[in-house]
Structures are given as C-alpha cells and as structure tokens.
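Results of the structural survey
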Amino acid sequence: MKFSTILFCGAAALSAFAAPAFAKDWTKATITLEGAYAPWNLTNADGTLGGFEPELAKVLCERAKIECTLVASDWDGMIPALNAGKFDVIMDALSITEERRQVIDFTIPYAATPAAFATAKDSPLAKAAGTGATIKMTPGQTGVKEIDALKEAFKGKTIGIQAATVYAKFVYDNFGDIAEIREYKTGADRDLDLQNGRIDLGFDDAVYFANAFQAANGALDFTGPEIVGSIWGEGEGLGIRKADTDLRDKFNVAIKSALADGTVKNLSMKWFKVDVSPQQ
C-alpha cells in the first residue's frame, strides 16, 4: 500500500532503534493497524478494530499460538515506531518493496491487489482510455502507452493521493510533471474532497476504492485501467523488525496455512468481494 522517502532517508538512524537481536518466546505480540483503511481495516463504533486484516490477524495469531493485541496508529509513522519497539508487527495493507526491506523485514504476502484511478462518475475524466482493462507494470517501467494516454487526459488536473504510499510514488513519478499532486493523511479525507469536487482524481488500491464508492453512494467510479504487477512489490505482508526472524517465521507458517486451506480467500470474498490471495 505505502512508500515514503521520509521512511528511508534515515535508514541508518532507524536501525539504531531496532530491537536487539536475540530470540524471544513470542507468546504475545502487538499488531498495529491504521483502523481507517476500510475494508482492509476499520474502527467499529465501539472502538474495536474490524475488517479483513483484523479478522485474518485473529486466525494467524491462533495458528502461530501467539496472544495478539491489536492497536491503531497513524500510518505515516508506523515503520519508525516499529523499529523503536512500540509494537511488534505492522498489518496495514503494507506493500513488500525492496526499499522497505532496507529497514524492516516482511513475512510472505497474504494478499496482492491492483491499483486504479477514481473520479466523479459525472466527471469529464470518467471512462478514460483503458477503463475496464488491466495492465501489468514493473518498477520504473516507462513508455507504457496506456499511461501516456492517461497523462494526456489528466494534464493540468489535481490528483489526490494518501501520503507515504507506493501509490503516491507512482503518481509523482508518472504524473508529477503534468498534474498537481495533493497529499492527504488518510484515504477518507482524499475521497471526501474527490466527492465534493475539490480535486479531479484519486489514485489508490482498487479494492479500497470499491468500498469507498459504496460509501459515496455511487458518486465515484474507476477511470482508466487497473494496474497490477511487481510495480507494487510482491504483495501485502506483515512488517516485522529485522531482528525478529523467529516471529516472522511463526507468521510465515500461519500465512501459508491460511492460504492453503482457503481462509484468506474466504475472508477476502467477505470483505472485498474478490479473491486477493497472492498467486502461489
């Protein structure tokens, strides 16, 4: 889901805060989520955390024989806080990328999802070239005709993105020279501006947007092609401190089990209406 230069420019400094390298029993662990990225994770009316990831976390912790506590925290400070020992695991649609591997470790992916642009359904930008199609991209890939067509269509427009995400990097890299980019702390803040016409487009995880469209009572829709491939990393995995290889290994076994017996598929169909299980 997310990338930010602020997370990596101080990689050496962050490593100084990492937990010391020694084995732990790991009968207990604290997992952090944003609690504001439905349907991946959300905050219920009673203050508890719900959604795809909290329900999957319950399964994974049971299978790993770990008593887990779920806590909400701000997305943009999660990686430094993990390395500072404030919690043990990040589970927030966190894309596995090589840049992030410089400062934290990951489990195997438990999900892999496309990304897409969204706009108001009655916008002149609706039904842009490639709408309904899917294109596959790799990191740093250029000369993609579908992206070039979107750049022409979106020239001079305002694109909203959630700060500190892989999607933000993509938009800056591909559209930063032809459009105004506006960053938001949460996807919900961006979606509200999109719905009210204060920005022209948004870019984010496609299954997140599908849920946001329902909340907007059909006022928003996809435009342009969905984008898949290694440009978003290997998929979404649990973020773990580099020192905690034993914790990573416990969750890897649990994730493999949940993928093999269809638990991930069942939960993703419940929350996303599509199977987001990564290809094995």
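Residues numbered from 1 in each chain as written. Predicted model: local features only at pLDDT ≥ 70, side-chain atom pairs only at ≥ 80, totals over all residues. Heavy atoms only, no water.

**Points about the state of the cysteines**
By definition, a disulfide links the sulfur atoms of two cysteines through a covalent bond. Under the definition given, this model contains one disulfide. Between the sulfur atoms of Cys61 and its disulfide partner Cys68 the distance amounts to 2.0 Å. Linking Cys61 and Cys68, the disulfide has an S-S dihedral of approximately -95° and is accordingly described as left-handed. Residue Cys61 is classed as buried on the basis of its relative accessible area, which comes to 5%. The exposure class assigned to Cys68 is partly exposed, which follows from its relative accessible area of 24%. (Disulfide = S-S within 2.5 Å. Buried < 20%, exposed > 50% of the residue type's maximum accessible area, 1.4 Å probe, protein only.)

**Quick look at the domain arrangement of the protein**
For the protein, the assigned domains read domain 1 (29-113 + 234-272) and domain 2 (115-232). Computed over C-alpha atoms, the centres of domain 1 and domain 2 are 25 Å apart. With 18 residues of domain 1 at the interface, the matching set in domain 2 holds 16 residues. Between domain 1 and domain 2, roughly 1,300 Å² of surface is buried when both sides are summed, and carbon and sulfur atoms account for 49% of that area. Summed over the shared surface of domain 1 and domain 2, the number is two salt bridges. For Lys185, the salt bridge identified is with Asp74, shortest N-O distance 3.6 Å. Taken together, the residues of the side of domain 1 that touches domain 2 sort by class into seven nonpolar, four polar and seven charged. (Domains from an automatic or database assignment. Contact = heavy atoms within 4.5 Å. Buried area = accessible area lost by both parts, 1.4 Å probe. Salt bridge = Lys/Arg side-chain N within 4 Å of Asp/Glu carboxyl O. Nonpolar A, V, L, I, M, F, W, Y, C, P; charged D, E, K, R; others polar.)

**Let's talk about the side chain of Asp191**
Following the sequence through the fold, Asp191 ends up in helix α8 (residues 187-195). In this structure the side chain of Asp191 is engaged in a polar contact, spanning 2.6 Å, whose partner is the side chain of Arg190. Among the polar contacts listed, one links the side chain of Asp191 to the side chain of Tyr208, at a separation of 2.5 Å. If sequence neighbours within four positions are ignored, Asp191 has contacts with Tyr208, Phe209, Ala212 and Leu220. (Helix = DSSP H or I, 4+ residues; strand = E, 2+ residues; numbered from the N terminus. Polar contact = N/O pair within 3.5 Å; in protein donor to acceptor, adjacent residues only side chain to side chain.)

**Focus on the sheet that holds strand β2 (residues 36-37)**
Hydrogen bonds between backbone groups are what pair the strands of a sheet, and the pairing can be parallel or antiparallel. Reading across the sheet, the three strands line up as β2-β3-β4 and stay open at both edges, with antiparallel pairing between neighbours. Either end of the sheet is taken by a strand with one partner, and the two such strands are β2 and β4 (49-50). (Pairing = 2+ DSSP bridges.)

**So, the packing of aromatic side chains**
Evaluation of the coordinates by the stated rule reveals 19 aromatic pairs. A centroid spacing of 6.0 Å and a plane angle of 80° characterise the contact between Tyr167 and Phe203, whose relative ring orientation is edge-to-face. Of the two residues, Tyr167 sits in helix α7 (residues 166-175) while Phe203 sits in strand β12 (residues 201-205), which places them 36 residues apart along the sequence. With a centroid separation of 5.7 Å and 15° between ring planes, the pair formed by Phe209 and Phe213 is classed as stacked. With Phe209 and Phe213 both in helix α9 (residues 206-215), this residue pair falls four residues apart, about one helical turn. With respect to class, Phe209 is no different from Phe213; both count as buried. One aromatic cluster in this structure is built from Phe117, Phe154, Tyr167, Phe170, Phe175, Phe203 and Trp232. We note Lys24 situated over the ring of Trp26; from NZ or CZ to the ring centre the distance is 4.2 Å. (Phe/Tyr/Trp six-rings, centres within 6.5 Å; stacked < 30°, edge-to-face > 60°. Lys NZ or Arg CZ within 6 Å of the ring centre and 35° of its normal.)

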